[in-house]
Amino acid sequence: AECGLTGYMTYLSHLSFENDIHIVDSTMVPLSGTVYIGRPVVGSPGQFESTSCPMAGVEVCLHREGGGTGPDLVLDCTQTDETGYWEVFAFVGTIVRPVITMVGHSFRTLDRESLVFASLDAARAGTLQGLDYMDVTQQDVNVEILGGLCETFLGNATVQYKIVGCAVEPVLLADPDAATAQSEVRAIYSVPAHHIEVRVTNIYGHDMATM
């Protein structure tokens, strides 16, 4: 109040009632996993398994589901490290979906749903960890096993491949019928779309062959 010559002047500020007050819970929980290179399961077309070889430099973004009312909201993004590991954060109470991307590659989960409910109970139970993915991108390689200038068929051969830079045992190449012996001069195999080495390990009946 101010004291003037004719009395007091009082300033009144009225409180606002019946207004909505919005309180937002900003608690967040971490989601994490690893991205691996995948490979076809021999004898099971369309099925893949992890090679346990990690993929670095893969982008992982956490999408909050739009619920049919609009596009997904991108909450957080990161890239996998040298071990293929990633970690992002989600608000408690949200339904989210990690989206894994790399140019020219396709990914899928390892035997679980892609949607995740971010909750404190899930965080305490450890179910927000180990959200692993694998790269299911494949490429065709043409393997020719010939002998001499006449390109003579040498016999049934076993062929294997190894992912370069990954400490995993070499994998036998198999045809769509799961046969692991190449019985023709030329054969086409589907292998992970990564840097690989292909080796002929044995030619039956040609112990003296140089490979």
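This is a predicted model, so every value here is computed, not measured. (Residues numbered from 1 in each chain as written. Predicted model: local features only at pLDDT ≥ 70, side-chain atom pairs only at ≥ 80, totals over all residues. Heavy atoms only, no water.)

### A short note on a nonpolar patch on the surface
Now for step 1: On the surface, Met 28, Phe 89 and Phe 91 cluster together into a nonpolar patch covering about 240 Å² of accessible area.
Now for step 2: Using a relative accessible area of 39% as the deciding quantity, one classes Met 28 as partly exposed. (Patch = residues over 30% accessible without salt bridge, like charges linked within 9 Å, V, L, I, M, F, W, Y side chains within 5 Å. Areas by Shrake-Rupley, 256 points an atom, 1.4 Å probe, with all protein chains shown as cover. Salt bridge = Lys/Arg side-chain N within 4 Å of Asp/Glu carboxyl O. Buried < 20%, exposed > 50% of the residue type's maximum accessible area, 1.4 Å probe, protein only.)

### Focus: the state of the cysteines
Now for step 1: Under the counting rule described, the total for this entry stands at 2 disulfides.
Now for step 2: There is a disulfide in this structure between Cys 53 and Cys 166, and the S-S distance comes to 1.9 Å. Between Cys 53 and Cys 166 the disulfide shows an S-S torsion of about -90°. By sign, it is left-handed. Of the two residues, Cys 53 sits in strand E4 (residues 48-54) while Cys 166 sits in the loop between strand E15 (157-163) and strand E16 (171-172), which places them 113 residues apart along the sequence. (Disulfide = S-S within 2.5 Å. Helix = DSSP H or I, 4+ residues; strand = E, 2+ residues; numbered from the N terminus.)

### Points about the nonpolar core
Now for step 1: If you look at the biggest cluster of nonpolar residues, it comprises 36 residues, and the most contacted ones within it are Leu 31, Val 35 and Trp 86.
Now for step 2: Those elements giving two or more residues to this core turn out to be strand E3 (28-40), strand E5 (59-64), strand E7 (85-91), strand E8 (95-101), strand E12 (138-144), E15, strand E18 (186-192) and strand E19 (196-203).
Now for step 3: Not counting residues within four places of it along the chain, the set of residues in contact with Leu 31 comprises Leu 62, Trp 86, Glu 87, Val 88, Ala 90, Val 96, Val 116, Leu 128 and Leu 131. (Core = buried A, V, L, I, M, F, W, Y, C linked by side-chain atoms within 4.5 Å. Contact = heavy atoms within 4.5 Å.)

### Observations regarding the confidence of the model for the protein
Now for step 1: Looking at the protein as a whole, its pLDDT mean stands at 81, while 78% of the residues score no less than 70.
Now for step 2: Mean pLDDT across the elements of the protein ranges from a minimum in strand E1 (residues 2-4), with 55, to a maximum in strand E11 (residues 133-135), with 95. (pLDDT = per-residue confidence, 0-100.)

### Some remarks on unusual backbone geometry
Now for step 1: One non-glycine residue, Ser 52, lies in positive phi territory at about 70°.
Now for step 2: Relative to the helices and strands, Ser 52 is located in strand E4.

### Details of the sheet that holds E5
Now for step 1: If you walk across this open sheet you meet the 4 strands as E6-E5-E8-E10, and the pairing is antiparallel. Every interior strand has two partners, whereas the edge strands, strand E6 (73-79) and strand E10 (116-117), have only one.
Now for step 2: In terms of strand pairing, E5 meets E6 through 6 bridges, oriented antiparallel. In the strand pairing of E6, Cys 61 is matched with Cys 77. (Pairing = 2+ DSSP bridges.)

### A word on the environment of Leu 115
Now for step 1: Mapped onto the elements, Leu 115 comes out in the loop between strand E9 (107-109) and E10.
Now for step 2: Accessibility expressed as a relative area gives 43% for Leu 115, which makes it partly exposed.
Now for step 3: When the C-alpha atoms of Leu 115 and Glu 65 are compared, they prove to be 8.7 Å apart, with 50 residues separating the residues in sequence.
Now for step 4: Apart from the residues within four sequence positions on either side, Leu 115 is in contact with Glu 65, Ile 95, Val 96 and Arg 97.

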